[in-house]
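Coordinate analysis (summary)
Listed below, chain by chain, are the residues.
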Amino acid sequence: MSSIIITGAGRGIGKACALAFLEAGWQVGLVGRTAAPLEEIAAGHANALALPCDVTDEAAVDAAFDAGLAEWGRIDVLFNNAGVSLLGSTIDEINVDDWRQLIDINLTGSFICARAAFARMKAQDPQGGRIINNGSVSAYVPRWGSVAYTASKHAITGLTRSISLDGRPYNIACGQIDIGNALTDMAEKMTKGVPQADGSIAVEPVMDVAHVASSVLHMAGLPLEANVQFMTVMASAMPYIGRG
């Protein structure tokens, strides 16, 4: 039975993916800052393991990954999903502490979790595994007022490419899923109207988050000789192609 650790598993995309993997028969480690939602998801699932921790705390992350490793004997996949966003504003209006907090969670947290996964995948026998990073369509083009979030997601692409290259000798694959307007609590505002580049407010199309879960499941289920390096899954008519 294959195993996966999912960060940010308590809600939104992470929760949808956790439930999809459990339904598909995977062993699933649920990482998040708050224990209650993780335990609620795990309830009734023999293959679920709640691993509450802060992804920015390397000691806590190492302990969580060690707990998963002890439970399953190996870690096959990490879905590096935990992240936050900031309310839209131009760069001059962004508080530096808010910038630092976002970068700490979105980028440093992803680095810490990938670091923990890579080390254990490198050491286990048989050697290898897969890391899937949650990017965003913002890893390619910005949304208005998203300088902190967009910068963090561009950096995730660099993290993905570097891990993909450095993992080759150890049979560790790394890919990235870039998501646009999946309907979660974070994207609910899209259905009511959000700022556009021309200064207008417009409702944007959204898609069912289940399409993200099935996409991650496909990426994770490939043999290690194959890799989805980058996948974009998005609401078909959202303002991404031709954004601006």
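In the block above lies the structure referred to throughout.
So, a few notes on the structure that sits alongside this text.

1. Here's the deal with the sheet that holds strand β4 (residues 77–80)
Ordered by their spatial adjacency, seven strands build an open sheet running β3-β2-β1-β4-β5-β6-β11, and the pairing between neighbours is parallel. The sheet terminates laterally at β3 (48–52) and β11 (230–234), the two strands that pair on one side only. Geometrically, the sheet is characterised by an average inter-axis angle of 20° between neighbouring strands, direction not taken into account. When β4 meets strand β5 (residues 129–134), the two strands line up parallel, connected through four bridges. Each residue of the ladder has a partner; that of Phe79, found in β5, is Ile132. Strands β2 (27–32) and β3 of the sheet are contacted by helix α2 (residues 35–42), whose axis makes an angle of about 175° with β3.

2. Some details on the state of the cysteines
Per the stated rule, a full pass over the model turns up zero disulfides. No disulfide involves Cys53; its sulfur sits 6.4 Å from the nearest other cysteine sulfur, which is in Cys113. Of all cysteine sulfurs in the structure, the one in Cys113 sits closest to Cys174, which takes part in no disulfide; the separation is 13 Å. You can call Cys174 buried: its relative accessible area is 0%.

3. Describing the environment of Glu188
Here Glu188 lies in the loop between β7 (182–183) and β8 (194–195). For Glu188, a relative accessible area of 34% gives the class partly exposed. Separated by 33 residues in the primary sequence, Glu188 and Gly221 place their C-alpha atoms 30 Å from one another.

4. A closer look at the packing of aromatic side chains
The tally for this structure, following the rule as stated, stands at two aromatic pairs. Centroid distance Phe21 to Trp26: 4.9 Å. Interplanar angle 90°. Geometry classified as edge-to-face. In terms of burial, Phe21 and Trp26 fall into one category: buried. Aromatic side chains Phe118 and Tyr170 sit 5.9 Å apart centroid to centroid with 75° between the ring planes, which places their arrangement in the edge-to-face category. Linking Phe118 in helix α4 (residues 96–123) with Tyr170 in the loop between α5 (147–166) and β6 (172–180), this pair joins segments that are 52 residues apart in sequence.

Rules and cut-offs
- Every residue gets a number counted from 1 within its own chain, in the order that chain's sequence is written.
- Local features in this predicted model are restricted to residues whose pLDDT is 70 or higher, and side-chain atom pairs enter the listing and the counts only when it is 80 or higher, whereas totals over whole chains, interfaces and linings include all residues.
- The basis for the side-chain values is all heavy atoms of the structure; hydrogens and waters are excluded.
- For two strands to count as paired, DSSP must find a minimum of two bridges between them.
- Each helix is a run of DSSP H or I of at least 4 residues and each strand a run of E of at least 2, with the numbering of both proceeding from the N terminus.
- What counts as an axis is a line fitted to C-alpha atoms, over the stretch in contact for a helix, and the angles between N-to-C directions run from 0 to 180 degrees.
- By the convention used here, residues are in contact when the closest approach between their heavy atoms is within 4.5 Å.
- The disulfide definition used here is simple: a pair of cysteine sulfur atoms within 2.5 Å.
- For the exposure calls, accessible area comes from a 1.4 Å probe over protein chains only, and a residue counts as buried if that area is under 20% of its type's maximum, exposed if over 50%, partly exposed in between.
- Side-chain rings of Phe, Tyr and Trp (the six-membered ring for Trp) are treated as a pair once their centres are within 6.5 Å; stacked means planes under 30 degrees apart, edge-to-face means over 60, and tilted covers the remaining angles.

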